[in-house]
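Below, each chain spelled out in residue letters.
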Amino acid sequence: QVRLVESGGGLVQAGGSLRLVCAPSGDIFSIYTMRWHRQAPGKQREWVADITNVGSTNYADSVKGRFTISRDNAKNTLYLQMNSLNVEDTAVYYCSADVIRRTSYARGEVWGQGTQVTVSS
């Protein structure tokens, strides 16, 4: 079994910053692309950013220039530094990872349970 646990969410004022962390654990041989997504109240889940195992990154236009995705391959840990937050960034943030399992070499995407980010005006 593979688990992803997000942390770092919370309440912040507009213009502030937060750093999210996603920590995988369990039956992991390797992790390829890791992603952040978010779901605002009443809206569909949307992709925010991703990073490959060699460090290539992509961002949604809505966060480009404000958010930075990074990872520590030694720890299999994913980060999202969020700066200049605004009210529209309020959402539950989820991480996902393209995981190869150690015991079976099966490959599939695993999701975390999410962490709430609330930005007040």
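First things first, this report covers the structure right here in the doc. (Residues numbered from 1 in each chain as written. Predicted model: local features only at pLDDT ≥ 70, side-chain atom pairs only at ≥ 80, totals over all residues. Heavy atoms only, no water.)

1. Re the nonpolar core
Counting 31 residues, the largest nonpolar core has Trp 36, Leu 80, Met 82 and Tyr 93 as its most contacted members. If you list the elements that add at least two residues to this core, you get strand E1 (2-7), strand E3 (18-26), strand E4 (30-39), strand E5 (46-51), strand E7 (67-72), strand E8 (77-82), strand E9 (91-100) and strand E11 (115-120). Sorting elements by how many residues they give to this core places E9 first, with 5 residues. Setting aside chain neighbours within four positions, we find Leu 80 in contact with Leu 18, Arg 19, Leu 20, Trp 36, Val 48, Phe 67, Thr 68, Ile 69 and Tyr 93. (Core = buried A, V, L, I, M, F, W, Y, C linked by side-chain atoms within 4.5 Å. Buried < 20%, exposed > 50% of the residue type's maximum accessible area, 1.4 Å probe, protein only. Helix = DSSP H or I, 4+ residues; strand = E, 2+ residues; numbered from the N terminus. Contact = heavy atoms within 4.5 Å.)

2. Things to note about the state of the cysteines
Inspection of the entire model under this criterion finds 1 disulfide. Put simply, Cys 22 and Cys 95 are joined by a disulfide, and their sulfur atoms are 2.0 Å apart. Across the disulfide from Cys 22 to Cys 95, rotation about the S-S bond amounts to roughly 60°, and the bridge is consequently right-handed. One end of the pair, Cys 22, is in strand E3; the other, Cys 95, is in strand E9, and 73 residues separate them in sequence. Judged by relative accessible area, which is 0%, Cys 22 ranks as buried. (Disulfide = S-S within 2.5 Å.)

3. Here's the deal with the pattern of salt bridges
A full pass over the atoms with the stated rule returns 6 salt bridges. Measuring nitrogen to oxygen at the nearest pair gives 2.9 Å for the salt bridge that ties Arg 38 to Asp 89. Taken together, the residues Arg 38 in strand E4 and Asp 89 in the loop between E8 and E9 connect sequence positions 51 residues apart. For the pair formed by Arg 38 and Asp 89, the shared burial category is buried. Through salt bridges with shared partners, one network takes in Arg 38, Glu 46, Arg 66 and Asp 89. (Salt bridge = Lys/Arg side-chain N within 4 Å of Asp/Glu carboxyl O.)

4. Quick look at the side chain of Thr 77
Within the fold, Thr 77 resides in strand E8. Residue Thr 77 is classed as buried on the basis of its relative accessible area of 9%. Look past the residues within four positions of Thr 77 in its chain and what remains in contact with it is Val 21, Cys 22, Pro 24, Ser 70, Arg 71 and Asp 72.

5. Topic: the pairing of E8
When you tally the buried positions in E8, you get 5 out of 6 residues, the bulk of the element. Of the pairings in the sheet, the one linking E3 to E8 comprises 5 bridges and is antiparallel in character. If you follow Arg 19 over to E8, its bridge partner there is Gln 81. In this structure, E7 lies alongside E8, joined through 6 bridges in antiparallel fashion. Note on E8: the bridge partner recorded for Ser 70 is Tyr 79. Once E7 ends, the chain turns through 4 residues before running back antiparallel as E8, passing Asn 76 with a positive phi of about 55°. (Pairing = 2+ DSSP bridges.)

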